[in-house]
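Below are the chains, spelled out letter by letter.
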Amino acid sequence: MACSSLTVSGGSAVSRCINRAQQEKRGGSDALPRFGLTTSFFGSNLKSLSGGLRRSDSKGVSVSSRKRGVVVVPKATAVQTTSPTVQKAGDSLVEKSINTIRFLAIDAVEKANSGHPGLPMGCAPMGHILYDEIMRYNPKNPYWFNRDRFVLSAGHGCMLQYALLHLAGYDSVKEEDLKSFRQWGSRTPGHPENFETPGIEVTTGPLGQGIANAVGLALAEKHLAARYNKPDVEIVDHYTYVILGDGCQMEGISNEACSLAGHWGLGKLIAFYDDNHISIDGDTEIAFTETVDTRFEGLGWHVIWVKNGNTGYDDIRAAIEEAKAVKDKPTLIKVTTTIGYGSPNKANSYSVHGSALGGKEVEATRQNLGWPYEPFQVPDDVKSHWSRHTPQGAALEAEWQAKFAEYEKKYKEEAAEFKQLISGHLPDGWDKALPTYTPESPADATRNLSQQCLNALAKALPGLLGGSADLASSNMTLLKMFGDFQKDTPEERNVRFGVREHAMGAICNGIALHGGGLIPYCATFFVFTDYMRAAMRISALSEARVIYVMTHDSIGLGEDGPTHQPVEHLASFRAMPNILMLRPADGNETAGAYKVAVLNRKTPSVLALSRQKLPQLPGTSIEGVEKGGYIISDNSSGNKPDVILIGTGSELEIAAKAGDALRKEGKAVRVVSFVSWELFDAQSDEYKESVLPQAVTARVSVEAGSTFGWEKIVGPKGKAIGIDRFGASAPAGILYKEFGLTVDNVIATAKSL
């Protein structure tokens, strides 16, 4: 298959992937659900076409006409556009609605003197058609399960989405919210934030994250549909739409995620590529000249090209209809637009990308688009037109509720499980499935103990699913009773991400935020969190319960050497807000870490797990892990030990042995497991004092990682034993000795205090 351009005179200007041998158009039979005026092609209301689509001059440059002269910008050779059809300038409702979106964005950015007006001005037609004609949602219940999802991957253009939510009747974006765009306490922050604004599905801004989140949302839909839909009743049936820009396309994460989307055949994922060829530094020709269409064909996507995204409304509609007719693969609709459309002097330039137009240009744009309304004013007919979404949304949800009631009568067991999932509540007694261990239980690596926990939880938690970045046999993350989630087996619960850590984390964010009650986990070596840190930060920011199963957590992995040995990673995640960094020492603590991770619905968790075998220690417990730090052994009285030894993970055994040796010498020694700093910080002052009394300043910590931050725990008179350089290639036992992570060193350090 090859992608060639098909332009229909007077009608569709859609580029389709066609079979060159047959030269036959691909078409679709499914009718579009439309809720608005969609029967005619509405022309531009521009008083002039300056700042509109590009035209090429004879010297091979792209020329944008202006009222006062001509501005020449380097031509992007990949750009192809059709000239807009000259039509009578009317006051059509669709045109007026689209311009309402544009000016709400312009006015908000202008008032804030901060923001990105260019994308909303260029993408307003796409946004209007999606929210007014295509998408199914209930503005008065943004969390209705079977709503269509929308993701603005190019999150800097968030005023597009805020304007659409406002017009659609979402209570989260009133006029006063638009007027407080980017201000303290506002529900309209500078990039979309799901935890701030109901109606925003995921948090976007770092480019590429949103499209990867959208892949996760579409995966969740496909998985739940495969598990719960029946031939006679479908209760899971919604689309995921996304708008991404040139910047998203440049970021590697988008290619990783879209590769998986094509592989998985996510037919209900429809992505609009805002092909405006402008980035912050100027025309994208300076750094981005690949043929995106061909790349996405290679990734297994259906590709459509809308050549006139500025005024080709029927072309956009036709593209969506075609996309929805393709069931076995995701669709990329490349929509060629003009950034800042309508601005006489700034359209089609980087200057409209990330700053307010300025008063003079706002007025010029109002004149150019024939817009007589005051700032933030929504014309009455536009307001009336959009107001129908409130009753229509309620009707859509009521229709779905009736369908689910029918489903519940026929399929009681499945309905009960589905209701439990989407409610967000955990099944009663789920944590009883976690294994427990005694000191007599065999020693084992915590990565193996993790697999025992995962497989036990999979039976008790129907929403648990996940996988690793091509390391299932090393991370020990395979759910043995399930097969692989694949294009033709989407009901299965093992997800094969391939070597794509960054996309893996972001896809899991989408799964977690889908609202279907799924609990995703993903795994790789702890050191390779460096490849996915941006996604993990977004997990924390967006309050997404993702469980990060990170094995090979220290120099204990041995001979692979410093490229694979994490040193600074524990400290770095402890510094990150709203993420739990857990480093369990044995089976009970691993089970406790999973209990904590599942219970914390609005916080991701990182489990750092060992490659090497560790003993099951006396005194460890699931309940202790929930406190973050707790006493595993103590021969002192009156909360006055001579010394406190603190360990995490594989080094807790070292602290415990050192404590035993010091007690034989007559010392009163307390040994503390410090699994999670964050959980310990959340405890009461009384509890903290009971574990780490302020009067006891003789404290020693031991951990196979950076000592950065440990001064907060051991105090100014204590000492931290750790590694403040990169590791080395050698057997684990040799490395521990060379780096001073030994019982003898802990004893000597304790005696020196």
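What you see is a predicted model, and the numbers here were worked out from it, not measured in a lab.

K.L.:
Please explain the overall build of the protein chain as it appears in this structure.
P.N.:
Scanning the protein chain for helices and strands turns up 26 helices and 26 strands. Long-range pairs, those at least 24 residues apart, make up 77% of the contacts in the protein chain with a sequence separation of at least 6. Of the roughly 27,700 Å² that the protein chain leaves accessible, carbon and sulfur atoms contribute 51%.

K.L.:
Got a minute to help me understand the side chain of glutamine 249 in this structure?
P.N.:
One can find glutamine 249 in helix α6 (residues 246–250). Judged by relative accessible area, glutamine 249 falls into the buried class, the value being 3%. One polar contact links glutamine 249 to arginine 295, side chain to side chain, over a distance of 3.2 Å. Excluding its chain neighbours within four sequence positions, the residues that come into contact with glutamine 249 are Leu244, Ser254, Tyr273, Phe288, Val292, Arg295, Phe296 and Leu332.

K.L.:
Explain the pattern of salt bridges to me, please; I cannot follow it from the model alone.
P.N.:
Pairing between side chains of opposite charge can happen when the charged atoms of each approach one another. Applying the stated rule across the entire model yields 31 salt bridges. A salt bridge links aspartate 171 to lysine 174, with the nearest nitrogen and oxygen atoms 3.4 Å apart. In this structure, aspartate 314 engages arginine 317 in a salt bridge whose closest nitrogen and oxygen atoms are separated by 2.7 Å. Linking aspartate 314 with arginine 317, this pair stays in helix α9 (residues 313–325), spanning three residues, or about one helical turn.

K.L.:
What's the story with the pairing of strand β20 (residues 605–608) in this structure? I'm lost.
P.N.:
Two faces, one strand: in a regular strand the side chains alternate between the faces of the sheet. Here β20 shows a buried face lined by Ser605 and Leu607 and a second buried face lined by Val606 and Ala608. Relative to β20, strand β18 (residues 547–551) runs parallel, the two sharing four bridges. Looking at β20, one finds that tyrosine 548 is bridged to valine 606. Pairing of strand β19 (residues 580–582) with β20 involves three bridges; the strand directions are parallel. Bridging from a neighbouring strand, leucine 582 pairs with leucine 607 of β20. Between the parallel elements β19 and β20, the chain passes through helix α19 (residues 587–599) in a crossover that is right-handed.

K.L.:
Help me understand unusual backbone geometry in this model?
P.N.:
Glycine aside, the phi torsion of most residues is negative, and most peptide linkages are trans. A positive phi angle, near 65°, is found at asparagine 348, a position not held by glycine. Positionally, asparagine 348 belongs in the loop between β12 (331–336) and α10 (359–369). The backbone phi angle of asparagine 639 is positive, close to 55°, even though this residue is not glycine. Take asparagine 639: it is sitting in the loop between β22 (629–634) and β23 (643–647). Accessibility expressed as a relative area gives 26% for asparagine 639, which makes it partly exposed.

K.L.:
So what exactly am I meant to see when it comes to the packing of helix α1 (residues 93–112) against α10 here?
P.N.:
Each pair of packed helices can be described by the angle between their axes along with the distance between the axes. Contact geometry for α1 and α10: axes closest at 11 Å, N-to-C directions at 170°. When the axes of α1 and α10 are compared, the pair comes out roughly antiparallel. Counting all contacts with α1, which are made through Asn99, Arg102, Phe103, Ile106, Asp107 and Glu110, the residues of α10 involved are Gly359, Val362, Thr365, Arg366 and Leu369.

K.L.:
Mind showing me how you'd approach the sheet that holds strand β26 (residues 719–721) here?
P.N.:
Hydrogen bonds along the backbone pair up the strands of a sheet, which may run parallel or antiparallel. Reading across from one edge, β22-β24-β23-β25-β26 is the order of the five strands in this open sheet, with mixed pairing throughout. Each edge of the open sheet is held by one strand with a lone partner, namely β22 and β26. When the angles between neighbouring strand axes are averaged without regard to direction, this sheet yields 25°. The pairing of β23 with strand β24 (residues 669–674) spans five bridges and is parallel. Its bridge partner lying in β24, leucine 645 is registered against valine 671.

K.L.:
Just checking my understanding: could you explain the pairing of β24 for this structure?
P.N.:
In terms of burial, β24 is a largely internal element, six of the six residues being buried. Of the two faces of β24, both are covered, the one formed by Val669, Val671 and Ser673 as well as the one formed by Arg670, Val672 and Phe674. The handedness of the β23 to β24 crossover, carried by helix α21 (residues 652–664), is right-handed.

K.L.:
Which parts of the structure should I look at to understand the nonpolar core?
P.N.:
One broad trend across soluble globular proteins is that nonpolar side chains are buried collectively. With 76 residues, the main nonpolar core has Ile235, Trp264, Leu269, Trp301, Phe497, Ile507 and Val606 as its most contacted residues. For this core, the element with the highest residue contribution is helix α5 (residues 209–228), accounting for 11 residues. Ranked by size, the runner-up nonpolar core spans 72 residues in total, among them Leu609, Val669, Val691 and Val714.

K.L.:
Could you clarify how one ought to interpret α5 in this entry?
P.N.:
One turn of the α-helix equals 3.6 residues, which is why residues spaced by three or four share an orientation. Here α5 contains 20 residues, and its C-alpha end-to-end distance of 29 Å stays within 8% of the 28 Å for a straight helix at 1.5 Å per residue. Most of α5 sits inside the fold, with 19 of its 20 residues counted as buried.

K.L.:
Please explain the environment of glycine 638 as it appears in this structure.
P.N.:
Following the sequence through the fold, glycine 638 ends up in the loop between β22 and β23. Separated by 52 residues in the primary sequence, glycine 638 and serine 690 have C-alpha atoms spaced 9.9 Å apart.

K.L.:
Sorry, what's going on with the environment of glycine 709 here?
P.N.:
Position of glycine 709 among the secondary structure elements: in the loop between β25 (699–702) and α24 (711–714). According to the relative accessible area criterion, glycine 709 is buried, its value standing at 14%. In this structure, the C-alpha to C-alpha distance between glycine 709 and alanine 571, residues 138 residues apart in sequence, is 6.8 Å.

K.L.:
In this structure, what is going on with the confidence of the model for the protein chain? I would like to understand it.
P.N.:
Close inspection of predicted coordinates is inappropriate in any region flagged by low pLDDT. With 88% of its residues at a pLDDT of 70 or more, the protein chain has an overall mean of 90. Note that pLDDT drops below 50 for residues 1–91; the model gives that stretch 207 contacts with residues more than four away or on any other chain.

K.L.:
I'm lost on the packing of aromatic side chains in this one. Help?
P.N.:
Pairs of aromatic rings are described using the distance from one ring centre to the other and the angle between the two planes. Going through the model one piece at a time under the given rule, you end up with 24 aromatic pairs. Consider the rings of tyrosine 131 and tyrosine 137, whose centres lie 5.7 Å apart with planes at 55°: the pair is tilted. Residue class for tyrosine 131 comes out buried when judged on its relative accessible area of 2%. For the ring pair tyrosine 407 and tyrosine 411, a centre distance of 5.3 Å and an interplane angle of 50° mean the geometry is tilted. In this structure tyrosine 407 comes out as buried when scored by relative accessible area, which is 0%. Directly above the aromatic system of phenylalanine 145 lies the positively charged group of arginine 149, at a separation of 5.6 Å from the ring centroid. A cation over an aromatic ring shows up here: lysine 230 above the ring of tyrosine 411, its NZ or CZ 5.1 Å from the ring centre.

Analysis parameters
Throughout this document, residue positions are counted from 1 along each chain, in the order its sequence is written. With pLDDT at 70 or above as the cut-off, local features in this predicted model cover only qualifying residues; side-chain atom pairs require 80 or more to be listed or tallied, and sums for whole chains, interfaces and linings still use all residues. As a convention, hydrogens and water are excluded, and side-chain values are obtained from all of the structure's heavy atoms. A run of DSSP states H or I qualifies as a helix once it reaches four residues; a run of E qualifies as a strand once it reaches two. Both are numbered from the N-terminal end. Whether two residues touch is decided by their heavy atoms; if any such pair falls within 4.5 Å, the residues are in contact. For every accessible area listed, the method is Shrake-Rupley and the probe measures 1.4 Å; residues are considered covered only by the protein chains on display. Each residue gets one of three labels from its accessible area relative to the maximum for its type: buried under 20%, exposed over 50%, partly exposed in between, using a 1.4 Å probe on protein chains only. Two N or O atoms count as a polar contact when they lie within 3.5 Å, although within protein this holds only if one can serve as hydrogen donor and the other as acceptor, and sequence-adjacent residues are included solely when both atoms are side-chain atoms. We count a salt bridge whenever a side-chain nitrogen from Lys or Arg sits within 4 Å of a carboxyl oxygen from Asp or Glu. Two strands pair under a simple rule: DSSP has to find at least two bridges between them. Whether a crossover is right-handed depends on one test, that the path from the first strand over the helix to the second runs clockwise when the strands point away from the viewer. Interaxial angles span 0 to 180 degrees and are taken between N-to-C directions of axes, which are lines fitted to C-alpha atoms, for helices over the stretch in contact. In this scheme, roughly parallel covers angles under 35 degrees and roughly antiparallel covers those over 145, while 65 to 115 is roughly perpendicular and the rest are oblique. Throughout this description, the term nonpolar core refers to a set of buried Ala, Val, Leu, Ile, Met, Phe, Trp, Tyr and Cys residues connected via side-chain atoms within 4.5 Å. Working rule for helices: expected span equals 1.5 Å times residues minus one. Per residue, pLDDT captures the predictor's confidence, and it can take any value from 0 to 100. Stacked, tilted and edge-to-face are the three classes applied to pairs of Phe, Tyr and Trp rings, where Trp contributes its six-membered ring and a pair requires centres within 6.5 Å; stacked means planes under 30 degrees apart, edge-to-face means over 60, and tilted covers the rest. Placement of a positive charge over a ring is assigned whenever Lys NZ or Arg CZ falls within 6 Å of the ring centre and within 35 degrees of the normal to the ring plane.

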